[in-house]
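# Fold and contact review
Each chain is listed here by its residues.
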Amino acid sequence: MKLLWNLLWLIFFSTSTCFGALKAKPHAPVHTTRLSPLPDDLSCLRVNDPAELRGYEYFKNVTFDPQLAINPHNPKNMVMVLQQDVLTNAIYNGSATLGVAALYTFDGGHTWDYSDLVLSRCQGATAFKGNDNFISAYFPSVTFDKEGNCYILSSSYNLFNANAKTLPNMCEGNIVAKSTNGGITWNRAQSAFRDDGTCHFLDFPQIQGDPYRSSTLYIVSSDHTCLVQDQCQDENANGNQNVFFQKSTDGGNHWSAPLIIDSFVPIDFDICIPRPILNQLFVLPDRHNTLLVSTVLQKHVPDDISPTLPDSILVWRSKDQGETWKGYTITENIRHQMAVDPDSADPVLPVTGLLMKDMAVNPSNGYVYVVYADPQFNPTGQAGCVIRVSKDGGKTWSRPKPVNPKTTNIQTFLPSVAIAKDGTVGVLFYDFRHFTPGEESLKTDVWLSLFDKNLDKHQGEVRLTKESFNSRLAIRGYNGVDATTCHFDYYLSSNIGLEANGNHFEACFVVTNDGCPEAQIASFPCDSFSLSVDTCNRQDVVYVHIHRD
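So, here's what we can say about the structure.

Rules used throughout
- Residues numbered from 1 in each chain as written.
- Predicted model: local features only at pLDDT ≥ 70, side-chain atom pairs only at ≥ 80, totals over all residues.
- Heavy atoms only, no water.
- Helix = DSSP H or I, 4+ residues; strand = E, 2+ residues; numbered from the N terminus.
- Buried < 20%, exposed > 50% of the residue type's maximum accessible area, 1.4 Å probe, protein only.
- Areas by Shrake-Rupley, 256 points an atom, 1.4 Å probe, with all protein chains shown as cover.
- Pairing = 2+ DSSP bridges.
- Axes fitted to C-alpha atoms, helices over the stretch in contact; angles between N-to-C directions.
- Contact = heavy atoms within 4.5 Å.
- Polar contact = N/O pair within 3.5 Å; in protein donor to acceptor, adjacent residues only side chain to side chain.
- Salt bridge = Lys/Arg side-chain N within 4 Å of Asp/Glu carboxyl O.
- Patch = residues over 30% accessible without salt bridge, like charges linked within 9 Å, V, L, I, M, F, W, Y side chains within 5 Å.
- Lys, Arg positive; Asp, Glu negative; His and termini not counted.
- Charge placed at Lys NZ, Arg CZ, Asp CG, Glu CD.
- Core = buried A, V, L, I, M, F, W, Y, C linked by side-chain atoms within 4.5 Å.
- Disulfide = S-S within 2.5 Å.

## Observations regarding the overall build of the protein
- Per the secondary structure count, the protein includes one helix and 34 strands.
- The proportion of buried residues among the 549 residues of the protein is 61%.
- For the protein, the accessible surface area stands at approximately 20600 Å², while carbon and sulfur atoms represent 51% of it.

## What about unusual backbone geometry?
- Here the bond from Ile273 into Pro274 is cis, since omega is 5°, no more than 30 degrees from zero.
- Turning to its location among the elements, Pro274 is positioned in the loop between strand E15 (259-264) and strand E16 (275-283).
- In this structure, Asp65 takes a positive phi of about 55° despite not being glycine.
- You can see Asp65 is positioned in strand E4 (residues 56-71).
- Judged by its relative accessible area of 2%, Asp65 is buried.
- Look at Lys129: it is not a glycine, yet its phi comes out positive at around 60°.
- One can find Lys129 in the loop between strand E7 (113-114) and strand E8 (136-144).
- Judged by relative accessible area, which is 48%, Lys129 ranks as partly exposed.

## Re the pairing of strand E9 (residues 150-157)
- Most of E9 is tucked away: eight of the eight residues are buried.
- Neither face of E9 is exposed, since Cys150, Ile152, Ser154 and Ser156 on one face and Tyr151, Leu153, Ser155 and Tyr157 on the opposite face are all buried.
- In terms of strand pairing, E8 meets E9 through seven bridges, oriented antiparallel. Across the sheet, residue Ala137 finds its bridge partner in E9, namely Ser156.
- The antiparallel pairing of E8 with E9 creates a hairpin that spans five residues between the two strands, and Gly148 there sits at a positive phi of about 95°.
- Here E9 pairs with strand E10 (residues 172-179) via eight bridges, running antiparallel. Across the sheet, the residue bridging to Leu153 is Val176, located in E10.

## Section: the sheet that holds E16
- Judged by pairing direction, the sheet is antiparallel, and its four strands sit side by side in the order E16-E17-E18-E19 without closing on themselves. In this open sheet, the two edge strands, each paired with only one partner strand, are E16 and strand E19 (326-334). On average, adjacent strands in this sheet sit at an angle of 15° to one another, irrespective of strand direction.
- Looking at chain direction, strand E18 (residues 311-318) and E19 are connected through six bridges and run antiparallel. Looking across to E19, one finds that Asp311 is bridged to Ile334.

## Quick word on the environment of Asn289
- Residue position: Asn289 is located in the loop between E16 and strand E17 (291-298).
- Overall, the relative accessible area of 17% leaves Asn289 in the buried class.
- Distance from Asn289 to Arg213, taken between C-alpha atoms, is 8.9 Å for residues 76 residues apart in sequence.
- Each residue touching Asn289, except ones within four places of it in the same chain, is listed here: Tyr212, Arg213, Val283 and Leu284.
- In this structure the side chain of Asn289 is engaged in a polar contact, spanning 3.3 Å, whose partner is the backbone oxygen of Leu284.

## Brief notes about the sheet that holds strand E21 (residues 368-373)
- Within the open sheet, the four strands sit side by side as E20-E21-E22-E23. Their pairing is antiparallel. At either end of the open sheet lies a strand with only one pairing partner, and these are strand E20 (357-361) and strand E23 (401-402).
- With two bridges connecting them, strand E22 (residues 385-390) and E23 associate as antiparallel partners. Bridging across to E23, Val386 finds its partner in Pro402.

## Focus on the pattern of salt bridges
- Under the definition given, this model contains 14 salt bridges.
- We note a salt bridge from Asp210 to Arg213, for which the minimum N-O separation is 2.6 Å. Here Asp210 matches Arg213 in class, with each residue buried.

## Focus: a positive patch on the surface
- A surface patch of positive charge is lined by Arg287, Lys319, Lys326 and Lys395.
- Exposure remark for Lys319: the relative accessible area of 47% places this residue in the partly exposed category.

## Let's talk about the nonpolar core
- By size, the foremost hydrophobic cluster in this structure holds 53 residues, and its most contacted members are Met80, Phe413, Leu428, Tyr430, Leu448, Leu464 and Phe509.
- Each residue touching Leu464, except ones within four places of it in the same chain, is listed here: Pro26, Pro29, Leu428, Val446, Trp447, Leu448, Ala507, Phe509, Val544 and Ile546.
- In terms of nonpolar packing, the next biggest core, distinct from the first, is built from 37 residues, Tyr138, Phe204, Tyr328 and Ala373 among them.

## Structural notes on the state of the cysteines
- Under the defined criterion, the tally for this structure stands at four disulfides.
- Here Cys44 is linked by a disulfide to Cys122, with a sulfur-sulfur distance of 2.1 Å. Here the disulfide of Cys44 and Cys122 is right-handed, its torsion about the S-S bond being about 80°. With a gap of 78 residues between them, Cys44 in the loop between strand E3 (30-31) and E4 and Cys122 in the loop between E7 and E8 connect regions that are remote in the sequence.
- Taking the relative accessible area as the measure of exposure, Cys44 reaches 11% and is therefore buried.
- At a sulfur-sulfur separation of 1.8 Å, the disulfide partner of Cys516 is Cys536. Measuring handedness by torsion sign, the sulfur bridge of Cys516 and Cys536 sits at about -95° and is left-handed. Note that Cys516 is positioned in the loop between strand E32 (504-512) and strand E33 (532-534) and Cys536 in the loop between E33 and strand E34 (539-548), a separation of 20 residues in sequence.
- Accessibility expressed as a relative area gives 10% for Cys516, which makes it buried.

Put into structure tokens, the structure is as follows:
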């Protein structure tokens, strides 16, 4: 039966998924991740009294937030970075990812191996205040430089003191590791920026290699100083919400001091908004090799699902390698509408990241594309995703278009975008089109939607999931919204990966696994329960190669 299904699946996509003179055919999904080596009792955290870990839930084995980079000198060599094992926390309304996994392939994605990368205490770091010895390595990103060296960046932090009690201690840094052999081994982690005090709150970082300048790399990151202002002892700290930039011109050995691209004065220092999130940086193929930074300016109260101020997406350009920046606005009126379980209305993404977005640049003509969550084309008023293009390097933008023009009445979420060598635009997204209300399984699928370079013509869709998966088996969230349960949303991922490889596409995304019961929801009050452990392998990262003839 399985052989028959595979044959039918292959015939369907090779005959019916045509785009003009081109065909797009996904290879079978490859589960890239393996079970966690961490101990169930979390003794690796080295906390004096584990009984003080009240209000925490440990989801072991789960993986999420994958990102992908392709070696410019060897398209069959790719490196994937993702997060594995998460300690959700109802007290602080946050989480700690206990490990970053780096995987590599040299055969175009047919097989993936784990590297020796260590970026957290539970992965084996032992040196006191070592750059790899943090409780959490968070939101990792990956890139190659012009020479083919690979780099991984994470915002690493401690929720509480090592060998001490569970008091907040935001010792943290933007930590970088480098590989000179395609991701097999990594050098000793170093800090591009580190703060062992309480004056900084780093968030949503990204590292990007410059494809035009030798040994040159950039980092863009948020610094939410408002969140720690009451603990900061620096008299010069103003509590603003900042987007900052760093660069290295010697292959990551040294980094410039952070330069603030833009700074936002909080409307209210108690809730610390607006807040810049989801930062990205790109290098344009113009005569200046202009740097382009984008961010979402979050104007709602995090963990608030009620109607609030609409978010904005902003970009800044620098023609002098980051010395000066000029800002532009893509949009200021993005209405909040979360993707939710159609039966229960529980969010299927973390409430703290209401607006998902991704950006990509065509290296041939400099066109810039952005995709983001926006419900404006969904006639049901539910979640949707749109795409826009800028033909002048981010200064002005086209009107939005739905990423799924033939199924706009279906909830879509978690978009990602990449540009093929021939200019074809690919958009990855999730949806519920195969779900029927009242079913036990919240059937979820992942699709690749294709457009021409001007976004004038939608060229069709390719289904990347051979079978729908059940989003109700995902991790339960950690947002503290529901006053009766402490936990509320499901958490598949905050981002996924899509990259162009010549005229082909490489995708990595999260699916849930059968065989797990639905995750339990903690009881109120949120700090009343002791550490609980869920060892079911709820969700994996899968990789799919999409071949285009």
